[in-house]
Amino acid sequence: MAEAQRRRRLATLEEYLSSMAAGNPAWRQKAVQKNDTFIGRLEREDGRGRSEGVQCRPSPPQAPDSGAPAPPVQLLWSPEEGRHLVASRDIAAGEEIFREPPLVLTPRPYAEPVCLACLAPLKADWSGCGGCGAPLCSPPCDGELHGAAECCLMAGLGLQQDRGQLLLLNQLLTTTRTLLLLQEAPQAGHIVEAMQSNTEKRRRSGVAQAMEKRVMEGLKRLGMKEEEGVVRHICGVFDTNAFVVDGGRALLPLAALMNHHCGANTQHWFHRGMLVVRAARSIPKGEALTNTYTPVLWGNRARAAYLASSKLFTCRCERCLDPRELGSHLSSVRCRQCQGGVLTPPSSPAETVWRCEGCGESVAAAAVEAMVRAAATMAKGAVGDPAELLAVTCQLSRLVGERHYVTVGAKYALIEAIMAGRLQDVPGADLRRVVDLCGDLLHIADLLDPGLSRLRGVLLLEQVRAAAELLRRQTAGDFSAVSSVTDNEEDATITATSIACDFTCDEKVPSQLSLIQKLKTAATESENILQYDPRLPHAQEVLRFLQDLQAEGKAENEEEEAKVKEDGKEGSH
Ligand SMILES: C[S@@+](CC[C@H](N)C(=O)[O-])C[C@H]1O[C@@H](n2cnc3c(N)ncnc32)[C@H](O)[C@@H]1O
């Protein structure tokens, strides 16, 4: 890319970053470094004889100008990583770094039809828009995404209640909504133009050509005469940068400047129409702000394949370069020759065998890969029902092993399926299973996605909810409901005791009060992590329950102590 064009695009995005100050009042609380803009830094470096200005470094501290908004991030560029955000000061774990409204919000191109005004899934009684027939919630929803200009445009399509037609519409809307925005707000055009589209790489690899062709045809039917280059750029910008949000995908030019890392230091939530980006760990000044573009619980190869085909780059983070995936062994498969050993993937593509570090057994890569494909197909077939998911999880554990990512994915789905029901109706044995499964997966999360990650937040929450429900049944004297395999008090106490041991990671059985305290600590952590998550009310509810239980327990203890004292006094007379 020509140097002048690169600089202009960087300056556009930097200006956009500054424009976010109005929606981020927290930035005002910190002093700004005068002249610490991309262009300012570039000029200073040029002044020092660096005419290329290729690598921008953070500038030395300058006099603070209190009152002016100071983003905790700045935009840098390097030949290896392209443009990326870095922390412009130390950022504390859990700190909200920025929030950003979407520039464009559209349905997902390959998803089921949704309401075009609010992106909610369509119910059976959906109605067509009076003006153009586009799908809308019924009764008419108050979403604002399907405006008059879009309605006018769509009227030409003669939309019917036809699923095939609506699926194609989803693909067309990314481009039409963006083009309509550019007509209404030309300055948005500079931002979209400045965003990375990977157009050349996409053209060479043939990625998305069919989709781009369909979009061009759709635009023709709408009477929009757009240049092919513009359409390619818009499709590329979305595929490279868009965030998946409730029911749709959003273009967020600032958040999109976070490069990928498989163990990212930020987490984001779409909350009340804004993307909220928080620090998952403490981020020292100068460190790049990163986001994970893939699910954390996919193995190395699955993540690499997705990044190569859709984001068109190869990640070189520590996890990607480590066949043992930071000790999680998420891609290793069960060794059939020895007890507990695993076959580890080769560290280079040139090697053709997987080897067991325990017994030295080696198996041809082709055979292992066929087994992993079979496992993935088996996992895809199991949906929803906890009994079915449990059966599949057991089969997968035997086939590829307990720790393999396909099994781990099935375990996560099993936790979700069990905890989706009304807690009071979940059998005790299933609750016990959730406590154990969450414990397993938390070990993996601590290795791969530590800190205030959504994964840890959800696992902590479900583990505490299941354990607290078992405790509730036990305190209510409902022993048969504590575990389906026991209907007597002694066994039920064993169950509660083992939960206690899991939580305290201790051989010694803690008192019920210290178990409640441990559960409260975990619930508080999940509440903090899930501040912007729809699961927050669950975290608050379980925390209230534990607080009440703790208060009751303390009161009972005090009563007992008082009684002992009283008895002692009486005895001494
Ligand atoms: C959402 S954009 C990130 C911002 C982008 N660097 C820019 O200049 O606009 C995604 C693109 O950035 C690049 N990228 C992101 N993370 C990367 C990484 N870890 N290593 C190399 N390139 C990366 C890839 O080209 C990818 O398609």
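Just so it is clear, the model here is predicted, and its values are computed rather than measured.

What counts, and at which threshold
- Residues numbered from 1 in each chain as written.
- Predicted model: local features only at pLDDT ≥ 70, side-chain atom pairs only at ≥ 80, totals over all residues.
- Pairing = 2+ DSSP bridges.
- Helix = DSSP H or I, 4+ residues; strand = E, 2+ residues; numbered from the N terminus.
- Axes fitted to C-alpha atoms, helices over the stretch in contact; angles between N-to-C directions.
- UniProt positions renumbered as here; feature names shortened; annotations may be inferred.
- Contact = placed C-beta atoms within 7 Å.

1. Considerations on the pairing of strand S1 (residues 73-78)
Successive residues of a regular strand alternate their side chains across the two faces of the sheet.
Right, so step 1: Examined bridge by bridge, S1 and strand S2 (residues 82-87) share six bridges and lie antiparallel to one another. Counted as the bridge partner of Val73 is Ala87 from S2.
Right, so step 2: As consecutive antiparallel partners, S1 and S2 are separated by three residues.

2. Considering the sheet that holds strand S3 (residues 96-100)
Right, so step 1: The three strands lie next to each other as S3-S11-S10, forming an open sheet whose pairing is antiparallel. Of all the strands in the sheet, just S3 and strand S10 (266-271) have a single pairing partner and so form its edges. Averaged over all neighbouring strand pairs, the angle between strand axes comes to 20°, with direction disregarded.
Right, so step 2: As judged from the four bridges shared by S3 and strand S11 (residues 274-279), these two strands associate in the antiparallel manner. Bridging across to S11, Phe98 finds its partner in Val277.

3. Describing the UniProt feature "domain: SET" (unreviewed entry) in the protein
Right, so step 1: UniProt marks residues 71-294 with the feature "domain: SET" (unreviewed entry), using the numbering shown here.
Right, so step 2: The span residues 71-294 carries 32% helix and 21% strand; its end-to-end C-alpha distance comes to 27 Å.

4. Some remarks on the sheet that holds strand S13 (residues 333-334)
Right, so step 1: The four strands are arranged S13-S14-S15-S16 in an open sheet whose pairing can be described as antiparallel. Single-partner strands in this sheet number two, and they are S13 and strand S16 (362-364).
Right, so step 2: In terms of strand pairing, S13 meets strand S14 (residues 342-344) through two bridges, oriented antiparallel. Considered in S14, the bridge of Arg334 is made with Val342.
Right, so step 3: Contacts between helix H10 (residues 365-381) and the sheet are confined to S13, S14, strand S15 (353-356) and S16, with S16 contributing the most and set at about 75° to the helix.

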